[in-house]
Amino acid sequence: TADMRTIPIAACVVVFLALLCPGVSNAGPVNLALNQPVTASGEYWPAVRAVDGNIDTLWNGGAYNAWLQVDLGAELSIDRIVLWGYNAPGSYGNTFTVSAGTDPGSLATIGSVPTPGPAWTQGGPNIFNSWTEFSTPGLSAQYIRITGSPAGPDWAAFSELEVYGGSSDGAIPE
């Protein structure tokens with residue numbers, strides 16, 4: 001058993017090191033879309049749910065071709081985009097188109113989900129929370145937009161949009 005006096009000392013050391021080195025972290029990749037501003041063409045369920053970090057919440061656009069767009073706050077280098085779907089990406093909103101760019105009025109299409117292709121990989125803990133990942137090396141964008149198919153089996157909806165990468169100079173934004 002550990003001496004109960006060593007636990008507070010260890011906690012103090014951890015706090016001291018965190019204060020001494022605030023920029024140092026051993027955390028994994030940073031989700032650049034997490035809690036960033038979002039806009040959507042419709043909100044049957046709130047758009048903020050798509051970037052809240054919780055795959056158990058859901059954005060639903062209330063229409064087949066609804067779209068959701070995240071503003072990353074600055075032009076960033078994007079390595080990959082991960083879309084968490086409710087009942088797997090594509091099954092609740094048919095097909096999604098992924099667009100990106102620096103001007104929200106003129107975004108370029110960079111792919112679609114769940115169209116098979118070498119850039120996409122899929123997985124997930126269960127059928128209700130599956131993910132599709134799109135590799136985007138060399139992409140530089142401030143805005144990422146996901147648009148549902150105009151003729152899907154149901155309204156456009158998904159659980160979470162994650163964006164990974166860094167600033168255009170390679171640094172992770174604060």
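For clarity, every value in this text was computed on a predicted model and none was experimentally measured.

Draft legend 1. Highlighting the overall build of the chain. Each helix and strand in the chain was counted, giving one helix and nine strands. Taking all 174 residues of the chain together, 38% fall into the buried category. Summarising the internal contacts of the chain: among those between residues at least 6 apart in sequence, 72% fall at separations of at least 24. A total of about 9300 Å² of accessible surface is found on the chain, and carbon and sulfur atoms cover 58% of it.

Draft legend 2. Layout of the side chain of T136. The residue T136 is located in strand 7 (residues 129-148) in this model. Look at T136 and you get buried, because its relative accessible area is 5%. From its side chain, T136 meets the backbone nitrogen of R80 in a polar contact 3.2 Å long. If we ignore the near neighbours within four places in the chain, the residues touching T136 are I78, D79, R80, I81 and I110.

Draft legend 3. Inspection of the environment of Q69 at higher detail. As for its position among the elements, Q69 is in strand 3 (residues 67-86). According to the relative accessible area criterion, Q69 is buried, its value standing at 6%. Once you skip the residues sitting within four places of it in the chain, Q69 turns out to touch P37, V38, T39, P104, L107, Y143, I144 and R145. A distance of 2.8 Å separates the side chain of Q69 from the side chain of R145, its partner in a polar contact.

Draft legend 4. Quick peek at the confidence of the model for the chain. Predicted confidence across the chain gives a mean pLDDT of 75, with 63% of residues reaching 70 or more. Highest mean pLDDT in the chain belongs to strand 1 (residues 38-40) (97); lowest belongs to helix 1 (residues 6-20) (43). Taken together, the stretch residues 115-120 has pLDDT below 50 and engages in 11 contacts with residues farther than four places along the chain or on a different chain.

Draft legend 5. Quick peek at the packing of aromatic side chains. Overall, the coordinates contain three aromatic pairs when judged by the stated rule. Residues Y44 and W45 carry aromatic rings whose centres are separated by 5.4 Å and whose planes lie at 55° to one another, so their mutual orientation is tilted. An aromatic cluster of three or more residues is present, and its members are W59, F96 and F158. It is R80 that lies over the ring of Y164; its NZ or CZ is 4.1 Å from the centre. The ring centre of W67 lies 4.0 Å from the NZ or CZ of R145, which sits over that ring.

Draft legend 6. Structural view of the pattern of salt bridges. Tallying each qualifying case throughout the model produces one salt bridge. As a salt-bridge pair, E133 and R80 come within 3.3 Å of each other at their nearest N and O atoms. Of this pair, E133 sits in strand 7 while R80 is found in strand 3, placing the two residues 53 residues apart along the sequence. The class of R80 is partly exposed, set by a relative accessible area of 24%.

Draft legend 7. Expanded view of the environment of V113. Considering the arrangement of structural elements, one finds V113 in strand 5 (residues 108-113). The spatial distance from the C-alpha of V113 to the C-alpha of T95 is 5.4 Å, given a sequence separation of 18 residues.

Cut-offs and rules
Residues numbered from 1 in each chain as written. Predicted model: local features only at pLDDT ≥ 70, side-chain atom pairs only at ≥ 80, totals over all residues. Heavy atoms only, no water. Helix = DSSP H or I, 4+ residues; strand = E, 2+ residues; numbered from the N terminus. Buried < 20%, exposed > 50% of the residue type's maximum accessible area, 1.4 Å probe, protein only. Contact = heavy atoms within 4.5 Å. Areas by Shrake-Rupley, 256 points an atom, 1.4 Å probe, with all protein chains shown as cover. Polar contact = N/O pair within 3.5 Å; in protein donor to acceptor, adjacent residues only side chain to side chain. pLDDT = per-residue confidence, 0-100. Phe/Tyr/Trp six-rings, centres within 6.5 Å; stacked < 30°, edge-to-face > 60°. Lys NZ or Arg CZ within 6 Å of the ring centre and 35° of its normal. Salt bridge = Lys/Arg side-chain N within 4 Å of Asp/Glu carboxyl O.

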